[in-house]
Amino acid sequence: MTKVLNTADSFTDDAVDGLVSIYPHYLEKTYGGVVSSRSTRPGKVAVVIGGGSGHYPAFAGWVGPGLADGAVVGNIFASPSTQQIYAVAKAVDDGAGVFMSYGNYAGDVLNFNLAEEQLGEEDIRAVSVPVTDDVSSAKLEERAKRRGVAGDLMVFKIAGAAAERGDDLDGVIAAAKKVNDATYSFGVAFAGCTLPGAEQPLFTVPEGQMGVGLGVHGEPGVAEVPLEPAADLAKRLVDRLLEERPEGSSGRVAALLNGLGGTKYEELFVLWNDVRKLLEGAGLTIVAPEVGELITSLDMAGVSLTLTWLDDELEELWLAPADTPAFRRGAAPEVRTVHRGISEAAQQEFGEASSDSRELAGELLATLEVVATLLHDKESELGDLDAIAGDGDHGRGMTKGCDAALAAARAAVDGGAGLSSTLSAAGVAWADKAGGTSGALWGNGLRQAATALDDESRPGAEQGVAAVQAALDLVTTFGKAQRHDKTLLDALIPFGESLQQSVGEGRSFAEAWSSAAEVATTEAQATADLAPKIGRARVLSDRSQGHPDPGAISLAMIVTAVGERLG
Ligand code: ADP
Ligand code: MG
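Presented here is a report on the structure given in the accompanying data block. (Residues numbered from 1 in each chain as written. Chains lettered and ligands numbered in written order. Predicted model: local features only at pLDDT ≥ 70, side-chain atom pairs only at ≥ 80, totals over all residues. Heavy atoms only, no water.)

Thoughts on the environment of Leu 364
Within the fold, Leu 364 resides in helix H9 (residues 355–389). Taking C-alpha positions, Leu 364 is 56 Å from Gln 209, a pair spaced 155 residues apart along the chain. Each residue touching Leu 364, except ones within four places of it in the same chain, is listed here: Leu 419, Thr 422 and Leu 423. (Helix = DSSP H or I, 4+ residues; strand = E, 2+ residues; numbered from the N terminus. Contact = heavy atoms within 4.5 Å.)

Here is the structure:
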């Protein structure tokens with residue numbers, strides 16, 4: 001349990017402030033996370049790492065020469081927003097492109113991919129490689145589905161060293177893919193962890209037992225077995241990893257024995273002693289092993305073992321110097337302090353807008369007010385629906401996102417922005433503040449819809465249809481769900497189809513919208529019969545039977561309310 005905090009909401013931010021004040025010669029706070037306060041070689045590929053917080057020293061403790069140039073810091077166990085990732089990448093880009101890496105989780109994949117796209121729009125080439133080292137999360141044949149756990153460090157370190165030695169972006173990507181393919185982790189949990197401010201742990205391990213195959217977000221192990229002596233535990237970990245020893249491997253391995261936050265260093269040393277003997281007994285040569293707390297999971301007790309099968313190149317990069325608050329190796333290069341950080345999300349600049357378009361922006365603002373009121377009314381209803389098979393945060397996420405969108409739209413309208421710019425600003429703010437999958441999809445979807453509109457004309461019905469289609473395309477491209485997967489798409493796709501059809505038949509936009517909203521409502525209700533195939537609810541699929549999808553329901557509510565205003 002977290003005993004030292006001011007409020008749960010300010011916990012992450014307070015911790016980052018404290019961290020940065022200890023290491024001003026390494027770190028500078030920036031909107032979205034931290035960046036290196038040290039000068040870098042001109043023209044170096046920038047390396048951005050990140051994910052949720054609660055894992056220190058991952059990720060903010062690994063910023064410095066030879067490793068990362070910036071770390072994006074999300075809330076506890078939650079993906080950072082697209083906007084945070086974009087901002088950190090932009091702060092450290094030096095014109096040679098940005099390499100990004102993170103543990104493979106749906107929310108992080110979604111937001112990092114969206115950030116790449118946004119950076120690309122500004123001709124900043126950004127490419128990310130997710131880490132997939134956790135052997136217990138999917139079979140070897142489904143390697144790309146594996147979660148990222150302590151192997152993050154191996155991938156980040158080696159990619160960081162490749163950038164430092166002068167590789168171009170393609171070279172860094174190749175090194176990262178190679179090390180990720182060569183990296184395998186397996187762990188056990190002795191006790192669960194508790195979110196700051198929460199009374200109950202996310203999971204518990206029965207007395208005398210341990211969870212085998214743990215995750216780093218308070219996911220319990222996949223099986224429970226009795227506690228065992230260190231030598232047996234070492235054998236369990238080593239045997240499982242050796243099962244996946246790649247063919248033709250050199251026999252030289254980098255090893256990392258990681259403590260999850262609530263396991264003592266002395267225990268790790270005891271375990272390491274047995275792990276070392278077993279690895280050597282298998283004829284392996286261990287290269288520069290690391291034993292300690294590298295990727296934690298708040299106060300979770302547990303350990304994991306990571307092996308990286310080295311070739312000459314990977315070994316050279318693993319051994320290359322690095323100098324960061326929490327990971328140091330070799331001689332520190334000469335550096336001076338620089339400033340890259342910014343304190344706020346980049347302010348959007350609004351171009352000239354016609355008076356027609358400004359009037360419509362005002363209408364949009366009024367509509368957002370209605371939607372915000374609606375969402376506040378329905379917050380607990382949507383939360384309860386999400387709690388059935390998800391994590392119960394859908395109502396909270398939607399209200400937070402919409403409130404932020406409303407504030408941004410108000411500022412845009414006050415600044416004289418037109419319709420497209422106002423909608424875009426609202427979308428960016430929604431994605432940044434909502435958290436959760438739906439927040440990223442809603443916010444970025446609205447931002448994308450704005451690209452089909454402009455700040456000059458009064459859009460016709462076709463443009464309205466195109467705006468909805470643009471949002472739909474973004475949600476399907478980045479969310480990677482299909483119809484009948486039991487997501488908000490099950491309301492959005494039929495909504496878009498109906499809207500397009502009615503407009504095609506010559507009905508007014510307002511009429512077409514309202515009848516499409518009716519279709520969306522029916523289809524959202526009908527998701528009760530579906531089994532979830534994607535998202536958090538997939539794991540508890542049975543519980544979801546008979547209940548509609550929360551994201552589809554909130555979407556239907558919103559388009560209905562908008563229809564009432566249009567009409
Ligand atoms: P989280 O799942 O991150 O907790 P929310 O609870 O706010 O986020 O939203 C859950 C809703 O998000 C689901 O009910 C579903 O409609 C939608 N959703 C989840 N994953 C996807 C996806 N990949 N594509 C489209 N919609 C999705
Ligand atoms: Mg949720």
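Text resumes after the structure shown.
Some details on empty space enclosed by the protein
Take a probe with the size of a water molecule and roll it over the atoms, and the empty space left behind shows itself. Applying the stated criterion across every chain yields a total of 2 cavities of 30 Å³ or more. Size it by volume and the largest cavity reaches roughly 50 Å³. Asp 134, Val 149, Ala 150, Ser 185, Phe 186, Gly 187, Leu 214, Val 216, Asn 258, Leu 260 and Ser 304 together form the lining of the largest cavity. A total of 3 residues in the lining of the largest cavity trace back to one element, the largest contributor, which is strand E7 (residues 183–191). Taken together, the residues of the lining of the largest cavity break down into 6 nonpolar, 4 polar and 1 charged. Reported here for the second largest cavity is a volume of approximately 30 Å³. (1 Å grid on protein atoms, 1.4 Å probe; cavity = no way out; pocket = protein on both sides within 12 Å on 5 of 7 lines; lining within 4 Å. Points joined across faces, edges and corners; volume = space filled by probe spheres on them. Nonpolar A, V, L, I, M, F, W, Y, C, P; charged D, E, K, R; others polar.)

What about the coordination of the magnesium ion (ligand 2)?
Only Asp 386 (OD), Asp 391 (OD) and Asp 393 (OD) from the protein reach the magnesium ion (ligand 2) as donors, at distances of 2.0 to 2.3 Å. The motif formed by the donor residues of the magnesium ion (ligand 2), counted along the single chain, is D-x4-D-x1-D. For Asp 386, a relative accessible area of 10% translates into the label buried. (Donors = N, O, S within 2.8 Å, 3.2 Å for Na, K, Ca; no water. Buried < 20%, exposed > 50% of the residue type's maximum accessible area, 1.4 Å probe, protein only.)

Concerning the packing of aromatic side chains
Under the defined criterion, the tally for this structure stands at 9 aromatic pairs. Taken together, a centroid distance of 4.9 Å and an interplanar angle of 75 degrees make the contact between Phe 495 and Trp 513 edge-to-face. Of this pair, Phe 495 sits in helix H14 (residues 489–504) while Trp 513 sits in helix H15 (residues 509–526), placing them 18 residues apart in sequence. For Phe 495, a relative accessible area of 1% puts it in the buried group. Assessed through its relative accessible area of 12%, Trp 513 is described here as buried. The structure contains a cluster of three or more aromatic residues connected by ring pairs, namely Phe 59, Trp 62 and Phe 156. Stacked on the ring of Tyr 26, the Lys or Arg Arg 38 has its end atom at 4.4 Å from the ring centre. (Phe/Tyr/Trp six-rings, centres within 6.5 Å; stacked < 30°, edge-to-face > 60°. Lys NZ or Arg CZ within 6 Å of the ring centre and 35° of its normal.)

Digging into the pattern of salt bridges
Summed over the entire model, instances satisfying the criterion amount to 35 salt bridges. Here Glu 280 ties to Arg 276 by a salt bridge, and the two come within 3.2 Å at their closest N and O atoms. Here the residue Glu 280 and the residue Arg 276 both occupy positions in helix H7 (residues 265–281), the gap between them amounting to 4 residues, near one helical turn. The exposure class assigned to Glu 280 is partly exposed, which follows from its relative accessible area of 42%. (Salt bridge = Lys/Arg side-chain N within 4 Å of Asp/Glu carboxyl O.)

Quick look at the site of ligand 1
Around ligand 1 sit 18 residues in total, of which Asp 393, Thr 437, Ser 438, Gly 479 and Asp 549 are the nearest. The side chain of Asp 393 places a nitrogen or oxygen atom 2.9 Å from an oxygen atom of ligand 1. For ligand 1, an oxygen atom lies 3.0 Å from a polar atom in the backbone of Gly 551. About the coverage of ligand 1: the protein hides 94% of its 560 Å² of free accessible area. Within the residue set of the shell around ligand 1, elements represented by two or more residues are helix H12 (436–450) and helix H17 (550–566). Among the elements that take part in the shell around ligand 1, H12 stands out by supplying 4 residues, more than any other. Looking at the shell around ligand 1 residue by residue, the classes come out as 6 nonpolar, 7 polar and 5 charged. (Near = heavy atom within 4 Å. Polar contact = N/O pair within 3.5 Å; in protein donor to acceptor, adjacent residues only side chain to side chain. Areas by Shrake-Rupley, 256 points an atom, 1.4 Å probe, with all protein chains shown as cover.)

A short note on the environment of Phe 77
With respect to the helices and strands, the residue Phe 77 is situated in the loop between strand E4 (70–76) and helix H2 (82–92). The spacing of Phe 77 and Ser 297 is 220 residues in sequence and 8.5 Å in space, taken between C-alpha atoms.

Notes on the sheet that holds strand E1 (residues 27–30)
A sheet is described by the order of its strands in space; here 6 strands give the open sequence E1-E2-E4-E3-E5-E6, paired in mixed fashion. Of all the strands in the sheet, the pair left with one neighbour each is E1 and strand E6 (126–131). Sheet twist, expressed as the average angle between the axes of neighbouring strands with direction ignored, equals 25 degrees. Bridge count between strand E5 (residues 98–103) and E6: 6 bridges; the pairing is parallel. Bridge pairing in E6 links Ser 101 to Val 129. Packing against the sheet, helix H4 (residues 151–164) makes contact with strand E3 (46–53), E5 and E6, and its axis sits at approximately 170 degrees to E5. On the sheet, helix H5 (residues 169–181) packs against E5 and E6 and is oriented at approximately 5 degrees with respect to E6. (Pairing = 2+ DSSP bridges. Axes fitted to C-alpha atoms, helices over the stretch in contact; angles between N-to-C directions.)

Observations regarding the layout of surface pockets
In this model, the second largest pocket occupies a volume close to 1100 Å³. In this structure, the second largest pocket is lined by 37 residues; those nearest its centre are Leu 364, Leu 423, Phe 509, Trp 513 and Val 562. Top element by residues in the lining of the second largest pocket is H9. It accounts for 7 residues. Here the residues of the lining of the second largest pocket are counted per class, giving 29 nonpolar, 4 polar and 4 charged.

Here we look at H9
For an α-helix the count is 3.6 residues per turn, leaving residues at separations of three or four pointing the same way. Over its 35 residues, H9 runs 47 Å from end to end, which matches the ideal 51 Å to within 8%, given 1.5 Å per residue. Largest kink in H9: about 55 degrees, centred on Lys 378. (Expected span 1.5 Å × (residues − 1). Bend = angle between axes of the 7 residues up to and from the residue.)

Observations concerning the nonpolar core
In terms of nonpolar packing, the biggest core is built from 90 residues, with Trp 62 and Phe 99 touching the most fellow members. With 9 residues, the single largest contributor to this core is H4. In contact with Trp 62, not counting residues within four places along its chain, are Ile 49, Pro 57, Leu 67, Ala 68, Leu 153, Phe 156, Leu 294, Ile 295, Thr 324, Ala 326 and Phe 327. Ranked by size, the runner-up nonpolar core spans 62 residues in total, among them Met 398, Leu 423, Leu 488 and Ala 520. (Core = buried A, V, L, I, M, F, W, Y, C linked by side-chain atoms within 4.5 Å.)

Considerations on the environment of Val 131
Mapped onto the elements, Val 131 comes out in strand E6. Note on Val 131: relative accessible area 0%, which makes it buried. The sequence separation of Val 131 and Val 149 amounts to 18 residues, and the corresponding C-alpha distance is 7.8 Å. When near neighbours in sequence (up to four residues on either side) are disregarded, Val 131 contacts Ser 101, Tyr 102, Gly 103, Asn 104, Arg 146, Arg 147, Gly 148, Gly 151, Asp 152, Val 155, Phe 156 and Asn 180.

A look at the sheet that holds strand E11 (residues 285–292)
Through backbone hydrogen bonds, the strands of a sheet pair up, either in parallel or in antiparallel fashion. Overall, mixed pairing links the 6 strands, which are arranged E9-E8-E7-E12-E10-E11 in an open sheet. The sheet is open, and its two edges are formed by strand E9 (223–226) and E11, each paired on a single side. The average undirected angle you get between the axes of adjacent strands in this sheet is 20 degrees. Pairing of E7 with strand E12 (residues 301–309), which is carried by 8 bridges, proceeds in the antiparallel orientation. Directly across from Val 188, in E12, lies its bridge partner Val 303. Docked against the sheet, H7 engages strand E10 (252–259), E11 and E12, running at close to 165 degrees with respect to E11.

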